[in-house]
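Results of the structural survey
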Amino acid sequence: MLDYVMPQGWTVLADVAAWGVIHAATGYAAHRLTPQWLARDHRLLRPLAFEQGGRWYRRRLRINRWKDALPEAGALFAGGVSKRELPALDKSGLELFVRETRRAELGHWWAMLAGPVFMLWNPPAIAAVLIGYGIAINLPFIAIQRYNRFRTEPLLRRAR
């Protein structure tokens with residue numbers, strides 16, 4: 001690590017603290033998004049052809065086998081909603097669930113995209129590892145949110 005910036009121990013501590021702050025800040029920023037803004041898929045959230053309505057996640061990643069083992073922090077902030085299960089099977093419950101998957105997905109995209117900040121005080125190799133960590137930690141959660149949204153949207157269309 002860069003000895004002339006700060007000692008190695010402090011750099012490691014700064015890296016751990018920075019990831020904690022990034023995750024908390026992006027989670028809170030996503031929490032503050034309005035239901036109206038989350039009512040539709042924006043550019044980053046739009047389905048991609050390869051996803052095949054979520055079938056790709058099940059077939060290639062076997063997401064249904066491991067997704068429930070990861071932590072869920074949707075209710076961390078006051079007024080937040082857990083996505084462990086559907087809030088209700090009626091139209092409003094399904095709409096809420098779909099909105100919350102968008103909220104969570106955006107929070108994880110934002111956290112992952114903040115990775116390059118580590119280039120400010122880490123040497124290139126360490127910064128690359130930390131950016132890789134951000135990708136590895138956030139991509140599974142992004143995949144889970146997309147998979148759950150793609151599975152829920154047909155139910156919502158039928159409920160409408």
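A brief report on the enclosed structure follows. Worth saying up front: this structure is predicted, and the values here are computed from it rather than measured.

What follows is about the overall build of the protein. When you go through the protein residue by residue, the secondary structure sums to 5 helices and 0 strands. Start at the N end of the protein and walk to the C end: the helices and strands fall as α-α-α-α-α. The dimensions of the protein, computed from C-alpha atoms along their principal axes, are 60 × 35 × 30 Å. For the protein, the computed accessible surface area is about 9,500 Å², with 62% contributed by carbon and sulfur atoms.

Right, let's get into the side chain of E105. Its location among the elements puts E105 in helix α4 (residues 91-113). Residue contacts for E105: discarding those within four places in its chain leaves L44, L45, I142, Q145, R146 and R149.

Our focus in this paragraph is unusual backbone geometry. Within the chain, Q52 stands out as a residue other than glycine whose phi angle is a positive 50 degrees. Take Q52: it is sitting in the loop between α1 (8-31) and α2 (55-60). Look at R62: it is not a glycine, yet its phi comes out positive at around 50 degrees. Checked against the element boundaries, R62 lands in the loop between α2 and α3 (63-66).

Cut-offs applied
- Residues numbered from 1 in each chain as written.
- Predicted model: local features only at pLDDT ≥ 70, side-chain atom pairs only at ≥ 80, totals over all residues.
- Heavy atoms only, no water.
- Helix = DSSP H or I, 4+ residues; strand = E, 2+ residues; numbered from the N terminus.
- Areas by Shrake-Rupley, 256 points an atom, 1.4 Å probe, with all protein chains shown as cover.
- Contact = heavy atoms within 4.5 Å.

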